[in-house]
Amino acid sequence: MSTTAVPATDIKASVKEYILTKFLPGEDPNMLEDTTPLITGGVLDSISTVELVSFLEEQYGVEFEAHEMSADYLDTLDQIAATVQSKSA
Amino acid sequence: MFARMGAGTHDPPCLMDKHTSLEETGQPLWRRLLHSNASSAPSASAVSAPSLPVSQSAVAARVAELGPIALVALQLGLLLLTFNVFDLERGSGFVALAPLILGGFVIHAVLPMRLRMPFFLALSLAGFWLLLGPPALILVGLGLGLIGICHLPINLWARVGLLVAVGVALAMLRVGAGLFAQLTWGPVVMPVLGSMFMFRLIIYLYDLQHEKVPATIWERLSYFFLLPNACFLLFPVVDYQTFRRTYYDTDAATIYQKGVFWMFRGMTHLLLYRILYYYIVPNPTQVVDLWTVVLIVFGTYLLYLKVSGLFHLIIGTLGLFGFNLPETYHRYLLASGFNDFWRRSNIYWKDFMMKVFYYPMFMRLRKRKGGMVQAVGLATAGVFLVTWLLHSYQWFWLLGAFPLTITDVLFWSVFGGLVVVNSVSQLKAGKKGSLSKPVFSFKKALTHALKVMGMLIFIAALWSFWYSPTPAAWLGMLAQAGNSGPVDFALLGLIIVGLIAIGVGVQYANSRGVRFTLLDPAKPAFSRAAMVTSLGVLVILGLGQPQAQYRLGGFGDFVGSLQEDRLTEFDAQQADKGYYEALMTTNSITAQVGGSRNQKPPDWKPLAASDAVIRSNDLFLYRLRPSSELIFKRAPMTVNQWGMRDQEYTREKPDGTYRIALLGASIEMGAGVLDDETYEAVAEARLNAEQAGREGRFDRYEILNFSIGGYSVLQHLPLMDEVVTFQPDLLLYTGHTIEDFRMTQLFIELVQKGIDLPPHLEAIRQQARVDSTLSEAEIKQRLEPFEAEILHEGYTRIVAQAREVGARPIWLFVPRTEEKKRLEGQQLPVEELMGLARDAGFTVLSIGDAYDGIDDVEEELFLAPWDDHPNVAAHQLLGNRLYEELIENGATLGLTGRAADTLPEPSPLSESTD
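Residues numbered from 1 in each chain as written. Chains lettered and ligands numbered in written order. Predicted model: local features only at pLDDT ≥ 70, side-chain atom pairs only at ≥ 80, totals over all residues.

Caption draft 1: Quick look at the overall build of chain B. Counting secondary structure elements, chain B contains 42 helices and eleven strands. Residue burial in chain B is summarised as follows: out of 914 residues, 43% are buried. (Helix = DSSP H or I, 4+ residues; strand = E, 2+ residues; numbered from the N terminus. Buried ≥ 20, exposed ≤ 12 C-beta atoms within 10 Å, placed from the backbone.)

Caption draft 2: Looking closely at the overall build of chain A. If you tally the helices and strands in chain A, you get four helices and zero strands. Relative to the 2.2 N^0.38 estimate, which gives 12 Å for 89 residues, the radius of gyration of chain A is 12 Å and therefore close to what a compact globule would have. Relative to its 89 residues, chain A shows a buried fraction of 36%. Sequence separation of at least 24 residues holds for 64% of the intrachain contacts in chain A that already meet a minimum separation of 6. (Rg over C-alpha atoms; globule rule 2.2 N^0.38 Å. Contact = placed C-beta atoms within 7 Å.)

Caption draft 3: Up close: helix 22 (residues 442–467) of chain B. With 26 residues, helix 22 of chain B should reach 38 Å at 1.5 Å per residue; the first-to-last C-alpha distance of 37 Å fits that figure. Elements in contact with the buried residues of helix 22 of chain B: helix 16 (290–302), helix 21 (406–429), helix 23 (471–479) and helix 24 (486–511) of chain B. (Expected span 1.5 Å × (residues − 1).)

Caption draft 4: Structural view of helix 4 (residues 77–88) of chain A. Residue and element names in this part refer to chain A. In a regular helix each residue adds 1.5 Å, so twelve residues correspond to 16 Å; helix 4 covers 17 Å between its end C-alpha atoms and thus fits that length. Every buried residue of helix 4 is accounted for by Leu77, Ile80, Ala81 and Val84. Burial along helix 4 is one-sided: seen end-on, the buried residues are contained in an arc of 95°. In this structure, the buried side of helix 4 is in contact with helix 1 (8–22), helix 2 (46–60) and helix 3 (71–74). (Arc of directions from axis to C-beta.)

Caption draft 5: Representation of the sheet that holds strand 8 (residues 808–813) of chain B in the model. Residues and elements named next belong to chain B. Strand order in this open sheet of five strands is 6-5-7-8-9, and the pairing throughout is parallel. Every other strand in the sheet has two partners, leaving strand 6 (700–705) and strand 9 (843–846) as the edge strands with one partner each. Put simply, the sheet's adjacent strands are angled 25° from each other on average, direction ignored. In this sheet, strand 7 (residues 730–735) lies alongside strand 5 (residues 657–663) in parallel orientation, the contact comprising four bridges. Bridge assignment links Ile660 to a residue of strand 7, and that residue is Leu730. Against the sheet, helix 32 (residues 679–690) contacts strand 5 and strand 6, and its axis sits at roughly 170° relative to strand 6. (Pairing = 2+ DSSP bridges. Axes fitted to C-alpha atoms, helices over the stretch in contact; angles between N-to-C directions.)

Caption draft 6: Up close: the pairing of strand 8 of chain B. All names here are of chain B. For strand 8, the tally of buried residues reaches six of six residues, placing the bulk of the element in the interior. Of the two faces of strand 8, both are covered, the one formed by Arg808, Ile810 and Leu812 as well as the one formed by Pro809, Trp811 and Phe813. Sheet analysis places strand 7 next to strand 8, joined by six bridges and oriented parallel. In the sheet register, Tyr733 faces strand 8, and the bridge partner there is Trp811. The sheet contact formed by strand 8 and strand 9 spans four bridges and is parallel. Within strand 9, the residue paired with Leu812 across the bridge is Leu845.

Caption draft 7: Examining the interface of chain B and chain A more closely. Listed as interface residues are 22 residues of chain B and, on the opposing side, 21 residues of chain A. Going through the elements one at a time, helix 19 (347–365), helix 20 (371–399) and helix 21 of chain B are the ones with two or more residues in the side of chain B that touches chain A. Of the residues forming the side of chain B that touches chain A, the biggest block, seven residues, is contributed by helix 19 of chain B. Per-class residue counts for the side of chain B that touches chain A are ten nonpolar, eight polar and four charged. (Nonpolar A, V, L, I, M, F, W, Y, C, P; charged D, E, K, R; others polar.)

Caption draft 8: Focus on the environment of Ala96 of chain B. All names here are of chain B. By secondary structure assignment, the location of Ala96 is in helix 7 (residues 94–110). Spatially, the C-alpha atoms of Ala96 and Val830 are 37 Å apart, while their sequence positions differ by 734 residues. With near-sequence residues (within four places) excluded, Ala96 lies in contact with Leu130 and Leu131.

Caption draft 9: Representation of the environment of Glu702 of chain B. Residues and elements named next belong to chain B. Tracing the backbone through its elements, the reader meets Glu702 in strand 6. Along the primary structure Glu702 and Tyr658 are separated by 44 residues, whereas in three dimensions their C-alpha atoms are 6.3 Å apart. Leave out the neighbours within four places in its chain, and Glu702 touches Tyr649, Thr657, Arg659, Ile660 and Glu684.

Caption draft 10: Region of the structure containing the packing of helix 16 of chain B against helix 22 of chain B. Residue and element names in this part refer to chain B. One can describe the packing of helix 16 onto helix 22 by two numbers: an axis separation of 8 Å at closest approach and a directional angle of 85°. Relative to helix 22, the element helix 16 is oriented roughly perpendicular. Residues Ile296, Val297, Phe298, Thr300 and Tyr301 of helix 16 form the contact with helix 22, whose participating residues are Ile459, Ala460, Ala461, Trp463, Ser464 and Tyr467. Split by residue class, the contact of helix 16 with helix 22 holds nine nonpolar, two polar and no charged. (Parallel < 35°, antiparallel > 145°, perpendicular 65-115°, else oblique.)

Caption draft 11: Highlighting unusual backbone geometry. Residue and element names in this part refer to chain B. A positive phi angle, near 50°, is found at Asn346, a position not held by glycine. For Asn346, a count of 20 C-beta atoms within 10 Å corresponds to the buried category. A positive phi is found at Ser627, a non-glycine position, where the angle reads about 50°. Positionally, Ser627 belongs in the loop between strand 2 (622–624) and strand 3 (628–632).

Caption draft 12: Focus on the confidence of the model for chain A. With 93% of its residues at a pLDDT of at least 70, chain A reaches an overall mean of 88. The least confident element of chain A is helix 3 of chain A, whose mean pLDDT is 89; the most confident is helix 1 of chain A, at 93. (pLDDT = per-residue confidence, 0-100.)

Caption draft 13: Examining the confidence of the model for chain B more closely. All names here are of chain B. Per-residue confidence for chain B averages 83 on the pLDDT scale, and 85% of its residues sit at or above 70. Within the model, pLDDT remains below 50 along residues 1–52, and this stretch shows 92 contacts once partners closer than five positions in the same chain are excluded. Below pLDDT 50 for its whole length, residues 898–914 participates in 30 contacts with residues either more than four positions away or in separate chains. Here the predicted complex scores 0.71 on pTM and 0.91 on ipTM.

Caption draft 14: Region of interest: the nonpolar core. Residues and elements named next belong to chain B. Counting 156 residues, the largest nonpolar core has Leu79, Tyr256, Val260, Ile314, Tyr358 and Phe362 as its most contacted members. A total of 13 residues in this core trace back to one element, the largest contributor, which is helix 15 (residues 252–280). With 85 residues, the next largest nonpolar core counts Ile660, Leu732, Ile779 and Leu878 among its residues. (Core = buried A, V, L, I, M, F, W, Y, C linked by C-beta atoms within 7 Å.)

Caption draft 15: Examining the packing of helix 7 of chain B against helix 8 (residues 113–132) of chain B more closely. All names here are of chain B. At a minimum axis distance of 11 Å, the contact between helix 7 and helix 8 shows a crossing angle of 170°. Taken together, the axes of helix 7 and helix 8 are roughly antiparallel relative to one another. As helix 7 packs across helix 8, the resulting crossing turns out to be right-handed. Touching Ala96, Leu97, Leu100, Gly104, Ile107 and His108 of helix 7 are Arg116, Phe119, Phe120, Leu123, Ala126, Gly127, Leu130 and Leu131, all from helix 8. Looking at the contact of helix 7 with helix 8 residue by residue, the classes come out as ten nonpolar, three polar and one charged. (Left-handed = near helix turned anticlockwise from the far one by under 90°.)

In structure tokens form, the structure reads like this:
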């Protein structure tokens, strides 16, 4: 899927659904907000981070580098959307 | 070059936004803190709270802003005082740094934001100067050079190559190889330099490639020159990005308070460590049944409190200067799986591995045929391989040794293998997390409690294996549990079931809103953290006062015994023989970070491991290398043609000479002092200067020093065959309080090496049913009933041999410097030893009062902070006292030319209590 002009809200919605299904099954969707810390909050560990990155790469046709698999880029839905958008710009 | 490094503004935008200083927020911090939710730290939004009313005077506002700083400073002052009162981390230099930390904190906190980082750097450099002296300049120069290489305008791999080349040169400097052997500052500077740069340089170079906002020169230099590094070598691997990102990322006062709270937590860990080390964890020779096995297995694991305590102290200290770094450990005793343990224990290390090795490896491997599962498995295995290698790499820089032991290999293989399996199965099964408060379910709670208990038992067992010198020693230790009966095992099972039940109960209570912690250590609220820290410190400080201890009776005595940093009796005895040096090459982290002993330079080897000896596969194990001049413990040592650490003597006794043969160990041989500074040389010099040639005296006095470090009666007895050929008039056999311990340890070594024993020792070996298949603890246990017999038999034979050549046999009690630092109430077995010596036919003398009047034994008598052998001053005291003792008994000893038949026995009481 091309990343051109994908709005941040769409990215966040898609990633949110992925995280809820994959890592937080049965969780109330309202608990996962755009600013909920995912890596520093313990939702994502190293394995789930690589799974998430694989999902993002496949979904949006972007490529991540090793140094981007960190809380600086992927800690919240906001950050994830910004990172994906910056790669597609 | 450094202009390029500081290309960014002094306060880059990304940090500037997060910087929150007292003068910038406008509102008094204490007011905002008091009105904030006590259960959570002030959030970033609190930073932009409304300004003060214009009517409030500037002075009043300033005073109000200083309130939290004063409160933190007060807690910090009391805390540092407690470190002093309990003698915590004095050996590392932390206590010496305390005034700098306290004063530096206050000044730093009131400075304008733009000056704080430069001030912190200056303070750190002052700390290095304070503890290292002028060599600190070399440290700074080398450090700047290493940082500079990272910024050279050449490609990355060229810079890496250059750093590796410089690293090899520094490694040679670290071990004092070749031309570097003469550089006296090497052993002082290199461990600190290694601690600062061995990992941080890797992270720095990595992050430099991806730096979004250029750092200031102050950030770059402060990242390496961190104040606590001046005293602590074992240091958490601080991440460069995290270091920058968390700098004043919330309210200043909250960070300061968290810092002092973490330092308090570190202190409690260090005190708990002392209790465990002094009173709970048995030494290997005490492991005889199930309960002592349980104590040593869990105790060894819990001794890791020393490391977690130091890491809390380090990160807390940095918090005082605005570095709001995350926690280094997260309740690792409660890990419920291998991956969970890996994430909770030494979190900084895990993050370092993930960032620099795991993710890059994964990204390269994932596109291959095996896909994600194989990539995760291989990357995880790679991380553990790297962890193992870097573990040894770390010890190389800190201690000068590169330990690669079989237990090390097995520990990392087992641990890594289990994490790989865990990771792959998690990848297949998926991670199931939750953001909400989980609903209590008995089944889930029980499963979790079982997992935690299982992990605790497994990790503790694995840890004790890691600490064991060999797998056989570990198995032998565990086998001791078989000496207990089924009732003991049933009782242990009940205790485990009870603990699991408590675990379930705690989870239930948590689900009902009950909390068992006073505050969240990761984000402690200001007021609650201040209360906990203040009260905690005041209680501990109060307990440290003699008046309070007097009133508290037995408990007061117990607390008092925790106020001194010392080795246990067992470790002190091990150190005496050089076993500590052996420990330093194993994985004994706690031993390696154990105060001043971790400052021991790499060339400070025990005699048996030095070039001074020739090893042999017989009773002697080793002998001094004849006709040699060498350096031992940094002092020249001459060995004469007969293998004595002494000047040359003829085998034939010259006419008119009174000859004394001295038989002893390292104290007598003299370790780390010059040839003419040993106590026998001092006494000999005085005899010749003050007695020789006088009327009724001999023309010359000779003391032939047959002493060899580490020897016991087992070696002294066969050595007597050599001694008697020198026709001594007097045999001075020196006895120390560890006579039986040393003898037993050497007996164990002889048995384990399968060395042929003389008939009388062989008979005892058979009677005791010991052989090389048994563990050290088992041999020790079986030999214990025979210790007095072995000593007595050895003494009797030595006396007989001396008398055969007309030499008067004297057993001389010589004190050890460390005896004044022992645990309260421990009796020295002097009288018992004297009794054995008398029964064997020795005449007993004592110079046990030689160190009377010395207040600070460590400072005044120790050869070095890490070595309690007598220094020059101590030898002088012993030598003078020996001279006096010889002269006092000169007539009866025949030393003044008049032989006597009787020699009055000294009072055992006066000897042994001196």
